[in-house]
Amino acid sequence: MSEARPGAGTSAPTVLRMILGKRLQEMRQAAGVTLDGAAKALRVQPLTIRRLEKAEVALKPLYVEKLLQTYGAERRETDEFIALAERANLPGWWHPYRDVLPSWFSAYVSLETGAKTLRTYEPHYVTGLLQTRCYAYNLLRAGFPRDSEEDLERRVDLRLRRQNLLERADAPTLWVVMEEAVLHRTVGPPEVMRGQVERLLEAMELPHVSVDVVPFAAGAHLGVCAPFTYFRFEERELPDIVYTEILSGSMYLDQRSDVVAHLEAHNRMSLLTSSADSRALLNRMRKEYS
């Protein structure tokens, strides 16, 4: 999973499918079977095996069973793996929203749902996980001006439903670094912005949420770039992943050098402010929108 652009792929992998794909790769390598060897066992092209291992396609039980036999797995292990594969192929909770969810972003929602740690940098808007309904509505209305009211409301509902992960018993850690410019870019009337600022202040009180606002006074810095989100998972099989956006699409980066560069940038930007200063800035902005 190194890059994805709008229209690339039709099915977003669930985190479980990614884990199982990685396990298939490890089992093949441990058995000393090449991609060509695995492909011959299934009578398919090597590309099919690679796509299975990269979680780019569903894990067909018959394919999984044949591959595990080829790799010398025991029957019990094979049965357990197939049961997990069937679970992994089930649609994610976001599947009913697929008509208003771009295929390239559904992978993001899957990663977000399964992550243990999320770090995000936002230079333009409040991150989706902390948006209020009114803020999200106005922002999405601007982004999708041709949407019907029904489709727009479905986009808003999807965004708000994503926020449920912050209320789970096993909620992930969310660390947001955002630019002060976000607070000055009005998305709707003053009461909408005031409500959004209040939401950020409330979020800062949660033990698993941190919000750092980089002030204008920080000047030029390393993070003056595109927004990005860093994902870390509890499962050892999954590497850290960074999602970032460009004008013509989006990218999912899992190369160690790319991930480290974004992680270091997030760390450095967070040092440009403090929780106390961020809270004070938010309180000032709340007064400005009163």
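Residues numbered from 1 in each chain as written. Predicted model: local features only at pLDDT ≥ 70, side-chain atom pairs only at ≥ 80, totals over all residues. Heavy atoms only, no water.

**Q** Is there a simple way to think about the pairing of strand S4 (residues 228–232) in this case?
**A** Successive residues of a regular strand alternate their side chains across the two faces of the sheet. The buried count for S4 comes to four of five residues, which makes it a mostly enclosed element. When strand S1 (residues 117–122) meets S4, the two strands line up antiparallel, connected through five bridges. Along S4, the bridge assignment pairs Tyr 121 with Phe 228. Strand direction decides the pairing type here: S4 and strand S5 (residues 241–246), joined by four bridges, are antiparallel. What sits directly across from Phe 228, in S5, is Thr 244. (Buried < 20%, exposed > 50% of the residue type's maximum accessible area, 1.4 Å probe, protein only. Helix = DSSP H or I, 4+ residues; strand = E, 2+ residues; numbered from the N terminus. Pairing = 2+ DSSP bridges.)

**Q** Would you explain the packing of helix H1 (residues 15–30) against helix H5 (residues 75–88) in this entry?
**A** Remark: H1 packs on H5, axes separated minimally by 9 Å, with the N-to-C direction vectors making an angle of 145°. Relative to H5, H1 is oriented so that their crossing is left-handed. On H5, the residues touching Leu 16, Arg 17, Leu 20, Arg 23, Leu 24 and Met 27 of H1 are Glu 77, Phe 81, Leu 84, Ala 85, Arg 87 and Ala 88. (Axes fitted to C-alpha atoms, helices over the stretch in contact; angles between N-to-C directions. Left-handed = near helix turned anticlockwise from the far one by under 90°. Contact = heavy atoms within 4.5 Å.)

**Q** Quick question: what am I supposed to make of helix H7 (residues 133–143) here?
**A** Owing to its 3.6 residues per turn, the α-helix aligns residues three or four sequence positions apart on the same side. Burial in H7 covers these residues: Tyr 135, Ala 136, Tyr 137, Asn 138, Leu 139 and Leu 140. Where H7 is buried, its residues touch helix H8 (149–162), helix H9 (181–184) and helix H10 (190–203).

**Q** Would you explain the packing of helix H2 (residues 35–42) against helix H4 (residues 61–70) in this entry?
**A** Helix-helix packing: each pair is described by the crossing angle between the helix axes and the interaxial distance. For the pair H2 and H4, interaxial distance at closest approach is 9 Å and the crossing angle is 125°. Judged on the interaxial angle alone, H4 and H2 are oblique. Relative to H4, the crossing made by H2 is right-handed. Contacts between H2 and H4 involve Ala 38, Ala 41 and Leu 42 on the former and, on the latter, Tyr 63, Lys 66, Leu 67 and Thr 70. Looking at the contact of H2 with H4 residue by residue, the class counts come to five nonpolar, one polar and one charged. (Parallel < 35°, antiparallel > 145°, perpendicular 65-115°, else oblique. Nonpolar A, V, L, I, M, F, W, Y, C, P; charged D, E, K, R; others polar.)

**Q** Can you walk me through the nonpolar core in this structure?
**A** The nonpolar side chains of a soluble globular protein tend to be buried, and buried together. Leu 130, Met 178, Leu 183 and Phe 231 are the most contacted members of the largest nonpolar core, which has 49 residues in total. Examining the composition of this core, we find that six residues originate from one element, H10, more than from any other. With 21 residues, the next largest nonpolar core counts Leu 42, Leu 59, Leu 68 and Ile 82 among its residues. (Core = buried A, V, L, I, M, F, W, Y, C linked by side-chain atoms within 4.5 Å.)

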